[in-house]
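Observations on chain architecture
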Amino acid sequence: MLRALSRPATRMMERWLPDPFIFVLILTLVAAGAAMLFEGQSPKAVLEMWGGGFWALLTFAMQMLLVLVTGFILASSPPVRAALSKIAGLAKSPGSAIVLVSVVSLAAAWLNWGFGLVVGAIFAKELARQVKVDYRLLVAAAYSGFIIWHGGLSGSIPLTISTPGHFAEDQIGLISTSQTIFAGWNLVIVAALFIAMPLANRMMIPPAEETYLIDPAMLDDRMPAAPSPAEMTPAERLENSRILMWLVGIPGLIWLALHFAGGGGINLNVINFLFLSLGITFHGTARSLLGALDEGVKGGAGIVIQFPFYAGIMAIMTSSGLAASMSAWFASISTAETLPFWSFISAGIVNIFVPSGGGQWAVQAPVMLPAAEALGADISRVAMGVAWGDAWTNMLQPFWALPMLGIAGLKARDIMGFCVVQLLVSGILIGGLLVLL
């Protein structure tokens, strides 16, 4: 049945889904029009909101670009290549390859969303070198692991409300992660996704005549062998010096050990520093690392040009009151029992326009928290409903797929047909469990 759904969805997306840059331009116009139509904002006011927020994600955009680049540098290093190749060797058939990449991506994304995106893409490429499997589905299966991130260790909403000084502390106090990430009902959702997503991806394997295979040679991005020392110039000796790289890479790893020993947490900057320090150490030479850098940065163009437009859309949605109005409408039709579910649905819709967990919570919390208090709903479940909704429609939102697509060398339209099915399966599963548990 899922294969039957994925075939027309894939054809539709291949024909009708434009490049993600066109998608973000259309979203910009839709958000601007909705702000004027439903919130009574003037064109001048909307224009000022858009322009005023256009550069609000510059730091985040650079962090995401570095997630892609440093992750690629690390994954292309000889030790990591060898490890990924050994794990990929466990897959002996297309079905086992799809299940394996799904599970590995889910586990990595549960630990940290940025780590999951990079590991999933690199592992998909390694599997494609060893197993004849539809490459589009392989990358889509890797991306499906991202659905779990907001229920895991890097979930921005549960971490925010457990941190002293968060903006709603006076209203709801501190909510421990034992009530959100590690709550029994949330762990059931996580476990269900670990079962359902690999199986759903496995069931979408297309028939042989429709399978899209990729030449493994196209995925070979290894550096050519270095010249012999006798043939090197002094500059080339520096470029191929292992001692120089280790004198920088190893202190970076020592700093990270001190950071974690002192109780420091994981964030994007720490992840990028870890990837870079390990990459410097594992590559061993600047020549090898710079070759990987040249290859890895090719996939970053979408991040550089599109993230400012999403920042502008977020500014329109938040400043105009449009996102709050959408959330308020869903809250108005809810009961104490159904508010977590409708929080999930509303967050999924808002996420199309505001693809940022932290930004989305800032928009929806002022609406959902008073509604939860008035209805007597469980605030931790409502907050996680918003979190899961934010993660859910990432399957349809190419914003987060850009780093993975950049590494894999595919376009959004190549995987989005499969992602539509993943959206349906995960939506029914998460939404149903939010109601039943």
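Residues numbered from 1 in each chain as written. Predicted model: local features only at pLDDT ≥ 70, side-chain atom pairs only at ≥ 80, totals over all residues. Heavy atoms only, no water.

**Thoughts on the confidence of the model for the protein**
- Confidence along the protein averages 87 in pLDDT terms, with 96% of residues attaining 70 or more.
- No element of the protein has a lower mean pLDDT than helix α1 (residues 2–16), at 78, and none a higher one than helix α11 (residues 184–203), at 96. (pLDDT = per-residue confidence, 0-100. Helix = DSSP H or I, 4+ residues; strand = E, 2+ residues; numbered from the N terminus.)

**Digging into the packing of helix α3 (residues 43–53) against helix α16 (residues 301–319)**
- The N-to-C vectors of α3 and α16 enclose an angle of 135°; their axes lie 7 Å apart at closest approach. Here α16 runs oblique to α3, going by the angle between their axes. Classified by chirality, the crossing of α16 by α3 is right-handed. Taken together, the residues of α16 that come into contact with α3 (itself represented by Val46, Met49, Trp50 and Gly53) are Phe309, Ala311, Gly312, Ile313, Ala315, Ile316 and Ser319. (Axes fitted to C-alpha atoms, helices over the stretch in contact; angles between N-to-C directions. Parallel < 35°, antiparallel > 145°, perpendicular 65-115°, else oblique. Left-handed = near helix turned anticlockwise from the far one by under 90°. Contact = heavy atoms within 4.5 Å.)

**A few points about the environment of Pro8**
- The topology assignment puts Pro8 in helix α1.
- For Pro8, a relative accessible area of 44% corresponds to the partly exposed category.
- Between the alpha carbons of Pro8 and Leu253 there is a distance of 48 Å; along the sequence they are 245 residues apart. (Buried < 20%, exposed > 50% of the residue type's maximum accessible area, 1.4 Å probe, protein only.)

**Some details on the nonpolar core**
- Counting residues in hydrophobic clusters, the biggest one holds 144 residues, and the most contacted among them are Leu127, Tyr135, Leu138, Tyr143, Ile147, Ile148 and Trp388.
- Beyond its immediate sequence surroundings of up to four residues, Ile148 is in contact with Leu106, Ala109, Trp110, Val190, Leu193, Phe194 and Trp388. (Core = buried A, V, L, I, M, F, W, Y, C linked by side-chain atoms within 4.5 Å.)

**A look at the packing of helix α20 (residues 379–392) against helix α22 (residues 412–436)**
- In contact at an axis separation of 10 Å, α20 and α22 are set at 175° when each is read in the N-to-C sense. By the angle between their axes, α20 is roughly antiparallel relative to α22. Between α20 and α22, the residues in contact are Gly385, Trp388 and Trp392 and Leu423, Ser426, Gly427, Ile430 and Leu434, respectively.
- Broken down by class, the residue content of the contact of α20 with α22 amounts to five nonpolar, three polar and no charged. (Nonpolar A, V, L, I, M, F, W, Y, C, P; charged D, E, K, R; others polar.)

**Regarding the packing of aromatic side chains**
- Inspection of the entire model under this criterion finds 13 aromatic pairs.
- Ring plane angle 70° and centroid distance 5.3 Å describe the contact between Trp50 and Phe54, whose orientation is recorded as edge-to-face.
- Residue classification places Phe54 among the buried residues on the basis of a relative accessible area of 13%.
- Clustering of aromatic rings is evident, with ring pairs tying together Phe21, Trp50, Phe54, Trp55 and Phe309. (Phe/Tyr/Trp six-rings, centres within 6.5 Å; stacked < 30°, edge-to-face > 60°.)

**Some details on helix α21 (residues 398–408)**
- The buried fraction of α21 is high, at 10 of 11 residues.
- Taken together, the buried positions of α21 are Pro398, Phe399, Trp400, Ala401, Leu402, Pro403, Met404, Leu405, Ile407 and Ala408.
- For α21, the secondary structure elements touched by its buried residues are α2 (20–39), α4 (58–75), α7 (113–130), α8 (135–144), α16 and α22.
- Of the residues flanking the end of α21, it is Gly409, one or two places downstream, whose phi is positive at about 80°.

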